[in-house]
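For reference, the chains in residue letters:
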Amino acid sequence: MIMRDEFLWVEKYRPKTIEECILPTNIKKTFQDFLHKGEIPNMLLAGPAGCGKTTVAKALCNELGVDVYVINGSDEGRFLDTVRNTAKNFASTVSLASTAKHKVIIIDEADNTTNDVQLLLRAFTEEFSGNCRFIFTCNYKNKIVEPLHSRCAVVEFGIKGKEKQQIDVASSCGYFYYLIKFVSIVSHCDASQQPFTRPKIPHVFHEFAPCFLASFDRKITALI
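All of these numbers come straight from a predicted model, not from anything done at the bench.

Quick notes on the rules
- Residues numbered from 1 in each chain as written.
- Predicted model: local features only at pLDDT ≥ 70, side-chain atom pairs only at ≥ 80, totals over all residues.
- Heavy atoms only, no water.
- Helix = DSSP H or I, 4+ residues; strand = E, 2+ residues; numbered from the N terminus.
- Buried < 20%, exposed > 50% of the residue type's maximum accessible area, 1.4 Å probe, protein only.
- Areas by Shrake-Rupley, 256 points an atom, 1.4 Å probe, with all protein chains shown as cover.
- Pairing = 2+ DSSP bridges.
- Axes fitted to C-alpha atoms, helices over the stretch in contact; angles between N-to-C directions.
- Contact = heavy atoms within 4.5 Å.
- Core = buried A, V, L, I, M, F, W, Y, C linked by side-chain atoms within 4.5 Å.
- Parallel < 35°, antiparallel > 145°, perpendicular 65-115°, else oblique.
- Left-handed = near helix turned anticlockwise from the far one by under 90°.
- Nonpolar A, V, L, I, M, F, W, Y, C, P; charged D, E, K, R; others polar.
- Polar contact = N/O pair within 3.5 Å; in protein donor to acceptor, adjacent residues only side chain to side chain.
- Phe/Tyr/Trp six-rings, centres within 6.5 Å; stacked < 30°, edge-to-face > 60°.
- Lys NZ or Arg CZ within 6 Å of the ring centre and 35° of its normal.

Visitor: I'd love a proper account of the overall build of the protein, names of residues and values included.
Guide: Scanning the protein from N- to C-terminus turns up 10 helices and five strands. Relative to its full complement of 224 residues, the protein shows a buried share of 38%. Just so you have it, the protein exposes about 13,100 Å², and 55% of that area is on carbon and sulfur atoms.

Structural data, given as structure tokens:
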């Protein structure tokens, strides 16, 4: 039977560790410091859509080995009773399968939740502080009520200037890497005989996709 995460490539190839995530050095170091400590505070991850907030939250939980529950703020997270019941039931119980210090609840797209839901979650961050941590992701942190905002360590995912160019190139290399893996799978290639690694990607661009390379305005040549 094919598992859901195996069937959905976005989940199968989602980074499982912070090191695998494509992030600016200073942001990556922030999360690596949390890993070294072995625990996290309540966090608010803020930044534009698609910049990796949810992926980082899941990778962090995966490396910490915690029990994690995800609530989508644009879906069930908009209903007060649903959040009250699911979050409370999860946060109030002790994990029997994990040796981590805390459980974690990820509230994805928290800026789409209502004010009463956010105030409830603010109360939960205090009520269950001994057993559970909360990670909130949002596109617009000004939509998070101040009582909740002030109880979280805020990590900004805004990337600008030269750092953004480097991230764009690294991301494109990652996409191209998985595209080649997909072609290899479809073509029934034996990857064990000719392993394809990320360091080879720039050379593949030069040999097989010069037009694609040119579209990056020669920035990718720095990786060779």
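Visitor: Run through the sheet that holds strand β1 (residues 43–46), naming residues and quoting values.
Guide: What the five strands build is an open sheet, ordered β2-β3-β4-β1-β5; its pairing is parallel. Strand pairing shows two members of the sheet lacking a second neighbour, β2 (68–72) and β5 (153–156), which therefore form its edges. Taking each pair of neighbouring strands and ignoring which way they run, the sheet shows an average axis angle of 15 degrees. Examined bridge by bridge, β1 and β5 share four bridges and lie parallel to one another. Following the sheet pairing, M43 is matched in β5 by A153. Contacts between helix α4 (residues 53–64) and the sheet are confined to β1, β2, β3 (103–108) and β4 (132–138), with β4 contributing the most and set at about 160 degrees to the helix.

Visitor: Quick one: what's the story with the nonpolar core, residue by residue and with numbers?
Guide: Counting residues in each nonpolar core, the largest one holds 23 residues, and the members touching the most others are I105, I107, L121, F124, F134 and F136. For this core, the secondary-structure elements that each account for two or more residues are β1, α5 (80–91), β3, α6 (115–127) and β4. Excluding residues that lie within four positions of it along the chain, I107 makes contacts with I71, T113, L121, I135, F136 and T137. Ranked by size, the runner-up nonpolar core spans 22 residues in total, among them F31, I40, C61 and I106.

Visitor: Which residues make up the packing of α5 against α6, and what values go with them?
Guide: Contact geometry for α5 and α6: axes closest at 10 Å, N-to-C directions at 15 degrees. With respect to α6, the element α5 is oriented roughly parallel. In this structure, α5 meets α6 at a crossing whose hand is right-handed. Of the residues in α6, those in contact with L80, V83, R84, A87 and K88 of α5 are D116, V117, L120, L121, F124 and E127. The residue makeup of the contact of α5 with α6, split by class, is seven nonpolar, no polar and four charged.

Visitor: Describe in detail the side chain of N42, supporting the description with residues and values.
Guide: Here N42 lies in the loop between α3 (25–37) and β1. In this structure the side chain of N42 is engaged in a polar contact, spanning 2.8 Å, whose partner is the backbone nitrogen of F134. The contacts of N42, once residues within four sequence positions are left out, are T125, C132, R133, F134, R151, C152 and A153.

Visitor: So what's going on with the packing of aromatic side chains? Which residues, and what values?
Guide: Across all of its chains, the model carries five aromatic pairs by this definition. Ring centres 5.7 Å apart and planes at 35 degrees place the aromatic pair Y69 and F90 in the tilted group. Of this pair, Y69 sits in strand β2 while F90 sits in helix α5; the two residues are 21 residues apart in sequence, bridging distant segments of the chain. Members of the aromatic cluster, connected to one another through ring pairs, are F31, F34 and F157. Against the face of F90 rests K103, its NZ or CZ located 4.4 Å from the ring centre.

Geometric descriptors of this kind do not, in isolation, establish any biological role.
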